[in-house]
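# Understanding the architecture of this molecule
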Amino acid sequence: MEVDPEGKPVDPQVCRLRVMVEDRETSGGSFLLEARLSSTIGSLKRKVCEQHRFAVEVQRWFYNRAILRDDQRLDRLGINPREATFNLYLLSSKSVGITREQVEQRERSYTEQPQQMYGTQQKNPPPLPQREKNTTQTLSWRWISWS
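Predicted model, so just to flag it, every value in this text is computed and none were measured.

A word on the overall build of the protein. Regarding its fold elements, the protein presents 2 helices and 5 strands. Secondary structure of the protein in N-to-C order comes out as β-β-α-β-β-β-α. Taken over 147 residues, the protein has a buried fraction of 37%. Long-range contacts, defined here as pairs at least 24 residues apart, represent 63% of the contacts in the protein between residues at least 6 apart.

Our focus in this paragraph is the packing of aromatic side chains. In this description, an aromatic ring pair is defined by two values, namely the gap between the centres and the angle between the planes. Scanning the entire structure with this criterion turns up 2 aromatic pairs. With centroids separated by 6.0 Å and ring planes inclined at 65°, the aromatic side chains of W61 and F86 adopt a geometry described as edge-to-face. In this pair, W61 is assigned in strand β3 (residues 59–63) and F86 in strand β5 (residues 84–90), connecting sequence segments 25 residues apart. Of the two residues, W61 and F86, both sit in the buried class. Within the aromatic cluster, the residues linked to one another by ring pairs are W61, Y63 and F86.

Here we take up the nonpolar core. Core analysis: the biggest nonpolar cluster contains 25 residues, and L17, W61, L74, I79, F86 and L88 have the highest contact counts within it. Looking at this core, the elements with two or more residues in it are β1 (14–23), β2 (27–36), α1 (41–52), β3 and β5. Among residues more than four places away in sequence, those in contact with L74 are C15, L17, A35, R36, L37, S39, I41, L44, I79 and F86.

Moving on: the environment of Y89. With respect to the helices, strands and loops of the structure, Y89 is situated in strand β5. Given a relative accessible area of 25%, Y89 falls into the partly exposed group. Linking Y89 and V19, residues 70 residues apart in sequence, is a C-alpha distance of 9.9 Å. Once residues within four sequence positions are removed from consideration, Y89 is found in contact with E22, D23, R24, V58, Q59, R60 and F62. From its side chain, Y89 meets the backbone nitrogen of R24 in a polar contact 3.3 Å long.

Pairs can form between side chains of opposite charge whenever their charged atoms are close. In the structure shown here, the tally under the stated rule is 4 salt bridges. Of the charged contacts in the structure, one is a salt bridge between R24 and E25, with a shortest N-O distance of 4.0 Å. With a relative accessible area of 62%, R24 lands in the exposed category. In this structure, K45 engages D70 in a salt bridge whose closest nitrogen and oxygen atoms are separated by 2.7 Å. In this pair, K45 sits in helix α1 while D70 sits in the loop between β4 (66–67) and β5, placing the two residues 25 residues apart along the sequence.

With respect to the helices, strands and loops of the structure, S43 is situated in helix α1. The class of S43 is buried, set by a relative accessible area of 8%. From its side chain, S43 meets the backbone oxygen of T40 in a polar contact 2.8 Å long.

The next point concerns the sheet that holds β3. Across the sheet, 5 strands lie side by side as β2-β1-β5-β3-β4; this open sheet has mixed pairing. Looking along the sheet, the strands with just one partner apiece sit at the ends: β2 and β4. Of the strands in this sheet, β1, β2, β3 and β5 are in contact with α1, which crosses β2 at around 115°.

Analysis parameters
- Residues numbered from 1 in each chain as written.
- Predicted model: local features only at pLDDT ≥ 70, side-chain atom pairs only at ≥ 80, totals over all residues.
- Heavy atoms only, no water.
- Helix = DSSP H or I, 4+ residues; strand = E, 2+ residues; numbered from the N terminus.
- Buried < 20%, exposed > 50% of the residue type's maximum accessible area, 1.4 Å probe, protein only.
- Contact = heavy atoms within 4.5 Å.
- Phe/Tyr/Trp six-rings, centres within 6.5 Å; stacked < 30°, edge-to-face > 60°.
- Core = buried A, V, L, I, M, F, W, Y, C linked by side-chain atoms within 4.5 Å.
- Polar contact = N/O pair within 3.5 Å; in protein donor to acceptor, adjacent residues only side chain to side chain.
- Salt bridge = Lys/Arg side-chain N within 4 Å of Asp/Glu carboxyl O.
- Pairing = 2+ DSSP bridges.
- Axes fitted to C-alpha atoms, helices over the stretch in contact; angles between N-to-C directions.

By themselves, these are just geometric observations and shouldn't be taken as functional.
Put into structure tokens, the structure is as follows:
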């Protein structure tokens, strides 16, 4: 049985993904994401929405320069489960035609679903801060553009 650097057993069905995030104005941010090899890109989008507050609709996932569909499974992409790098491009909410209220409603529905859909047990993220209407938010890799 394999062990990680900390001496813990490694589950061969779980992979660690490095996700490089960029948007129209910012690039270079990244985070690690653990997922089962049987996960689909659609389930990864929901997991990222729950953990990092990127609406599913604004996420575009790429692997080896190819755009990925929601129904594609990790185990069928030929990734190395120990170290795979994906690119996540974030569109503005305006470009995909969704409002802030719609994003918040979708986020609530994702965080209210049972955690077993990802194969992990995690705490729900804190709610988004309230904003006044007619305000804009600057782009960063951490947030969605509302302009």
